[in-house]
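Report on the structure
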Amino acid sequence: MGTIPSETIEQIAAANDIVEVISSYFPLKRAGANFKALCPFHQEKTPSFHVSPQRQTFHCFGCGVGGSVFRFVMDYEHVDFPSAVRKLAARVGIPAIEKRGPGGADDQQVEARHILLQLHGEAAAWFHENLMKREFAEPARKYLKKRGITAGIAKRWQLGYALEEWDAFGSWARGRGYNARDLIASGLVKTKDDADGMPGHTSYDRFRGRIMFPICNDIGEVIAFSGRLLKDEDGAAKYLNSPETPLFRKGKILFGLDKTKRSLIEATYAVVCEGQLDLISLFEAGITNVVAPQGTAFTEDQARILKRFVSEVVLCFDADAAGQKAAERSLDALLQNDLIVRVAEIPAGEDPDSLVRREGKEKFERRVSTAPDFFDYWIEREVAITDLNSLGAKMQLARKMAETISRIHDPFLRGEVVSKSSARLGVSNTDFETLLPKQRREQVSASEPPRSQASPSPRHEVAMLCLLALRDETAREFLRGQNWREILEQLPDAEILIRILDSDLRLPDAASLNAFMATLSPADEGLVSSWLLQKVPPNAGTMVGKWWLGIRQTVLRRQLEVAKNRIKLPQLSTGDVVNLQKQILDLQEQLHELFKPARAADN
């Protein structure tokens, strides 16, 4: 895949004021030349999160995270670097065009993805215009109004309508220059081979006579659609989703995540419902920590994504048999990612959409907050539909419960559920445990690693030289005029100083600084952001020479120690011994010469 040129990254950094960007997420308070807030990345009572408008950086002195505007968006939005760049580029209207090498296959793949994203974005706009303005969509508007979806809600979610015609969309798209290959690759158009005897056409629209729900990735790009029939038809699915495409993998997408992820992080738990209308109704009612899987049951990929934002889920699936089965099928994936699972009971004949419109936000939130643990709910439901006076039925239920309990990886939770299940069945823990299948081997979770805090600060001289190389042009030029690479490569903790001196950093250009920080690891970026908030020594020109002298002395001492240890080795040849003796004398002389200016400075 391609890379975004550093010039473009600098341009995007220069156009995005970090104070404005962070203030769009939560309020900042002026504190002298900087701004402060409670850190969003850890719990604290006293603000230790600092934002520097001059350096265009942030740093938390509590947890150590910090860096550029790109790092903030990456950590706050839980996205990778290219996604953060694209998001900030879109914010200021700068095209984030990737630069690619000579690999033709990569070029074709990137171009094909670009075309598909563009097609989906334009299709969403066309479907939306149909719904909002066209006379033929009046039945769709009436249906949505009956479901509590106002014009404002439809606009916010870019809901649309697909005509009840075989080739309305395809004809429109071809008129805009899209070829048959792109349309078929998008999944919005099907070939005649898939049709049921449709004369006179080589392709036809997948979505016809349906209300269209755009499905977005986690940065808000439209990548697929879900279409709902206005009225049930025999043999026709109520909901129809886009097929798998280069953009869309159903098992890896959570509907609504692009709008709800910040609320998920703040709430630490997710309300999970089945359908798009359920999610939209809850969100618009003010319950914004909500997601919906594409389908019914959670996949492992979806659970893994959700684990990045929350530690607990509350399932709000329909009360019918299909909803209950979906909840049980979701269990494996959720437990495997160590998510706590609770179940909010939905009355028969209701769904979250109808319930929140009838009860209101507060009652629905109370239903969610009092939702029982999944296993408490599940045990009571299974016992209620089983005749425990029948030994056969009781044994069958015990085996079923044991099979489900064996999926729990956490030993404490497993023990608790075993105790509850055996007590409800009226058997001893020991007897019930004999029914448990052998525990499945726990797989290593591929979830996101814990946040890296700032690296341990290097030795004093290295840290001070880093600070000066980042903040003082004269000191930076002095260091770059030395044989710095040869010397610093002999120090194990000087790699960050090497990176700073090796960069094309322009002082005091904040955009150049942001582009440089984007090349660092999160830990090193946090270290640099802390140096940027420190005061520069008033006598920087003098001190840079003193600290550089200390570095050179340290390197010579290390070389001298190595040479003295080597000369003690047995079985050295006479020539080796003579060479080492010369090396030791030379190093001692160099150290002696270095101490002369140091003594003179002290005097």
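Residues numbered from 1 in each chain as written. Predicted model: local features only at pLDDT ≥ 70, side-chain atom pairs only at ≥ 80, totals over all residues. Heavy atoms only, no water.

**A closer look at the packing of aromatic side chains**
As a reminder of what qualifies: Aromatic rings from Phe, Tyr and Trp, taking only the six-membered ring of Trp, are treated as a pair when their centres fall within 6.5 Å; an angle between ring planes under 30 degrees marks them as stacked, one over 60 as edge-to-face, and anything in between as tilted. Secondary structure elements follow DSSP: runs of H or I of four or more residues count as helices, runs of E of two or more count as strands, with numbering from the N terminus. A simple rule labels every residue: compare its accessible area, found with a 1.4 Å probe on the protein chains alone, to the largest value its type can have, and call it buried under 20%, exposed over 50%, or partly exposed in between. Any Lys NZ or Arg CZ found within 6 Å of a ring centre and within 35 degrees of that ring's normal is scored as a charge over the ring.
This model, assessed by the stated rule, comprises 27 aromatic pairs. An angle of 65° between the planes, with centres 6.1 Å apart, marks the rings of phenylalanine 41 and phenylalanine 72 as edge-to-face. Of this pair, phenylalanine 41 sits in the loop between strand E2 (34-37) and strand E3 (49-52) while phenylalanine 72 sits in helix H3 (residues 69-77), placing them 31 residues apart in sequence. Each member of the pair phenylalanine 41 and phenylalanine 72 is classed as buried. Taken together, Tyr25, Phe26, Phe41, Phe49, Phe58, Phe72 and Tyr76 form an aromatic cluster joined through their ring pairs. Sitting above the plane of the tryptophan 157 ring, lysine 259 keeps its charged end 4.6 Å from the centroid. The ring of tyrosine 76 is capped by arginine 262, whose NZ or CZ atom sits 3.4 Å from the centre of that ring.

**What to know about unusual backbone geometry**
With omega at 0°, the peptide bond leading from leucine 507 into proline 508 counts as cis. Here the phi dihedral of glutamine 571 falls at roughly 65°; this positive angle occurs in a residue that is not glycine. By the element assignment, glutamine 571 lies in the loop between helix H26 (540-566) and helix H27 (574-602). Residue class for glutamine 571 comes out exposed when judged on its relative accessible area of 82%.

**Focus: the nonpolar core**
To be explicit about the condition: Buried Ala, Val, Leu, Ile, Met, Phe, Trp, Tyr and Cys residues form a nonpolar core when they are joined through side-chain atoms within 4.5 Å. Contacts were defined at the residue level, with two residues in contact if any of their heavy atoms lie within 4.5 Å.
Counting residues in each nonpolar core, the largest one holds 42 residues, and the members touching the most others are Val272, Leu306 and Val313. Beyond its immediate stretch of four places on either side in the chain, valine 313 contacts Ala270, Val272, Leu306, Leu334, Ile340, Val341 and Arg342. In terms of nonpolar packing, the next biggest core, distinct from the first, is built from 41 residues, Ile153, Ile253, Leu279 and Val356 among them.

**Notes on the packing of helix H14 (residues 352-359) against helix H15 (residues 361-369)**
Two measures define how a pair of helices packs: the angle their axes make with one another and the distance between the axes. For the record, the criterion: With axes taken as lines fitted to C-alpha atoms, and helix axes fitted only over the stretch in contact, angles between N-to-C directions fall between 0 and 180 degrees. Roughly parallel here means an angle under 35 degrees, roughly antiparallel means over 145, roughly perpendicular means 65 to 115, and every remaining angle is called oblique. Ten residue types, Ala, Val, Leu, Ile, Met, Phe, Trp, Tyr, Cys and Pro, are classed as nonpolar, four, Asp, Glu, Lys and Arg, as charged, and the remainder, Gly among them, as polar.
The interhelical angle for the contact between H14 and H15, taken along N-to-C directions, is 125°, at an axis separation of 6 Å. Accordingly, the angle class assigned to the pair H14 and H15 is oblique. Side by side, H14 and H15 meet where Pro352, Leu355, Val356 and Glu359 of the first sit next to Lys361, Lys363, Phe364 and Arg367 of the second. Residues of the contact of H14 with H15, tallied by class, amount to four nonpolar, no polar and four charged.

**Focus on empty space enclosed by the protein**
Short version of the rule: A 1.4 Å probe that fits into a set of points on a 1 Å grid over the protein atoms alone but cannot get out defines a cavity; an open set with protein on both sides within 12 Å along at least five of seven lines defines a pocket, and lining residues are those with an atom within 4 Å of a point. Grid points are joined across faces, edges and corners, and a volume is the space filled by probe spheres set on the points.
This model, assessed by the stated rule, comprises one cavity of 30 Å³ or more. In this structure, the largest cavity spans a volume of roughly 70 Å³. In terms of lining, the largest cavity is formed by Gln54, Arg55, Leu470, Leu505, Arg506, Leu507, Pro508, Asp509, Ala510, Leu513 and Leu532. Of the residues contributing to the lining of the largest cavity, the split by class is seven nonpolar, one polar and three charged.

**Points about the environment of arginine 485**
In this fold, arginine 485 is placed in helix H22 (residues 484-488). The sequence separation of arginine 485 and histidine 78 amounts to 407 residues, and the corresponding C-alpha distance is 36 Å. If we skip the residues at most four places from it in the chain, arginine 485 touches Ile498 and Asp502.

**Quick notes on the side chain of threonine 554**
As for its placement among the helices and strands, threonine 554 is situated in helix H26. The class of threonine 554 is buried, set by a relative accessible area of 16%. With residues up to four places along the chain from it excluded, the contact list for threonine 554 reads Arg459 and Leu491.

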